[in-house]
Amino acid sequence: SKVRSEENQWERNTEPKDEQYKQDAIEFPVNTSSIPRQIPDQPWFMGIPFTLLVGGILPFGACFVELYFILASVWMDQYYYVFAFLFLVFAILIITCAEITVLFCYFQLCGENYHWWWRSFTTAGSTGLYVFLYSFVYFKQLEANQLATYVLYFGYMGMASFALFLMTGFVGVTTCLVFNKTIFGSIKID
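First, a word on scope: everything that follows refers to the structure included in this document.

**So, the overall build of the protein chain**
Then, in step 1: Per the secondary structure count, the protein chain includes six helices and zero strands.
Then, in step 2: For the protein chain, long-range pairs separated by at least 24 residues make up 79% of all intrachain contacts whose partners lie at least 6 apart in sequence.
Then, in step 3: Total accessible area computed for the protein chain in this model is approximately 13700 Å², and 65% of it derives from carbon and sulfur atoms.

**Describing the packing of helix 3 (residues 48-75) against helix 5 (residues 117-139)**
Then, in step 1: Here helix 3 crosses helix 5 at 45 degrees, and the two axes come no closer than 6 Å. The orientation of helix 3 relative to helix 5 falls into the category oblique. Pair helix 3 / helix 5 crosses with right-handed handedness.
Then, in step 2: Taken together, the residues of the contact of helix 3 with helix 5 sort by class into 16 nonpolar, seven polar and one charged.

**Quick notes on a nonpolar patch on the surface**
Then, in step 1: A cluster of nonpolar residues, Tyr79, Tyr81, Val82, Phe85, Leu88 and Ile92, forms a patch on the protein surface that exposes about 700 Å² of accessible area.
Then, in step 2: Inspection of the secondary structure assignment puts Ile92 in helix 4 (residues 83-110).

**Concerning the layout of surface pockets**
Using a probe with the size of a water molecule, rolled over the atoms, empty space left in the structure can be pinpointed.
Then, in step 1: Counted as a void, the largest pocket has a volume near 720 Å³.
Then, in step 2: The dominant element in the lining of the largest pocket, judged by the number of residues it contributes, is helix 6 (residues 147-185), at four residues.
Then, in step 3: Classifying every residue of the lining of the largest pocket gives eleven nonpolar, seven polar and three charged.
Then, in step 4: As a volume, the second largest pocket reaches approximately 340 Å³.
Then, in step 5: Of all the secondary-structure elements, those providing two or more residues to the lining of the second largest pocket are helix 3, helix 4 and helix 6.
Then, in step 6: When residues in the lining of the second largest pocket are grouped by element, the largest group, six residues, is from helix 3.
Then, in step 7: Looking at side-chain class alone, the lining of the second largest pocket contains 14 nonpolar, one polar and one charged residues.

**What to know about the environment of Pro40**
Then, in step 1: If you trace the backbone, Pro40 turns up in the loop between helix 2 (18-21) and helix 3.
Then, in step 2: Classification of Pro40 as partly exposed rests on a relative accessible area of 34%.
Then, in step 3: C-alpha separation for the pair Pro40 and Asn113, spaced 73 residues apart in sequence, amounts to 7.5 Å.
Then, in step 4: Once residues lying within four places of it in the same chain are set aside, the contact partners of Pro40 are Gly111 and Glu112.

**A closer look at the side chain of Arg119**
Then, in step 1: Structurally, the position occupied by Arg119 is in helix 5.
Then, in step 2: Those residues in contact with Arg119 that sit more than four places away from it in its chain are Met46, Gly47, Ile48, Thr51, Gln108 and Asn113.

**A word on the nonpolar core**
Then, in step 1: Ranked by internal contacts, the top residues of the largest apolar core, which has 21 residues, are Phe60, Leu67, Leu71, Val131, Tyr134, Tyr138 and Tyr153.
Then, in step 2: Ignoring sequence-local partners within four residues, the contact set of Phe60 consists of Leu67, Thr127, Tyr130, Val131 and Tyr134.
Then, in step 3: Core analysis: the next-biggest nonpolar cluster, separate from the first, contains five residues, Cys105, Trp116, Cys176 and Phe179 among them.

**Some remarks on the packing of helix 4 against helix 6**
Then, in step 1: At their nearest, the axes of helix 4 and helix 6 sit 8 Å apart, and the two run at 50 degrees to each other. In this view, helix 4 runs oblique relative to helix 6, as classed from their interaxial angle. The element helix 4 and its partner helix 6 pack so that their crossing is right-handed. Residues Phe90, Leu93, Ile94, Cys97, Ala98, Thr101, Val102, Cys105, Tyr106 and Leu109 of helix 4 form the contact with helix 6, whose own contacting residues are Leu164, Met167, Thr168, Val171, Gly172, Thr175, Cys176, Phe179, Asn180, Ile183 and Phe184.
Then, in step 2: A class-by-class count of the residues in the contact of helix 4 with helix 6 yields 16 nonpolar, five polar and no charged.

The rules behind each value
- Residues numbered from 1 in each chain as written.
- Predicted model: local features only at pLDDT ≥ 70, side-chain atom pairs only at ≥ 80, totals over all residues.
- Heavy atoms only, no water.
- Helix = DSSP H or I, 4+ residues; strand = E, 2+ residues; numbered from the N terminus.
- Contact = heavy atoms within 4.5 Å.
- Areas by Shrake-Rupley, 256 points an atom, 1.4 Å probe, with all protein chains shown as cover.
- Axes fitted to C-alpha atoms, helices over the stretch in contact; angles between N-to-C directions.
- Parallel < 35°, antiparallel > 145°, perpendicular 65-115°, else oblique.
- Left-handed = near helix turned anticlockwise from the far one by under 90°.
- Nonpolar A, V, L, I, M, F, W, Y, C, P; charged D, E, K, R; others polar.
- Patch = residues over 30% accessible without salt bridge, like charges linked within 9 Å, V, L, I, M, F, W, Y side chains within 5 Å.
- Salt bridge = Lys/Arg side-chain N within 4 Å of Asp/Glu carboxyl O.
- 1 Å grid on protein atoms, 1.4 Å probe; cavity = no way out; pocket = protein on both sides within 12 Å on 5 of 7 lines; lining within 4 Å.
- Points joined across faces, edges and corners; volume = space filled by probe spheres on them.
- Buried < 20%, exposed > 50% of the residue type's maximum accessible area, 1.4 Å probe, protein only.
- Core = buried A, V, L, I, M, F, W, Y, C linked by side-chain atoms within 4.5 Å.

By themselves, these are just geometric observations and shouldn't be taken as functional.
Structure follows, in structure tokens:
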């Protein structure tokens, strides 16, 4: 009887409670209209191709030298010892992605373009596209002679580039969300 009561007590304590996993919805600092405003014509430097080019090249430029050594350790059986420096380069990559995305988001909001969610994701995420393009340049150093080598290399580099695209895109969206909540939270409406 004591064992049963302990089992019942354990079962009651381990049952998931709905309230435990619920999170409050994001509350925006200002009310918005349900009628979308017309977005004026944007300058050439706020187009999607330019923001993807610039938004990806700056973070990639901050880490491409270290990327060479990482690829050499993965594909050419060399050892990689400088993990502290790798962490520093990773921090620089994250900070650069956040800064360039907030900058383009600010320019976009100044141009009265309020569609910033996906633009901020792709602006920071385009670093992954540059890594994939760099993998073509790096592949010339490898002595590939079989189809399986091509498939494995570009398959793995495609997956790694896509993972980097998702990671840096997440950084871009979250920093722009915090930025927008901060600037719109400071507006005083009387």
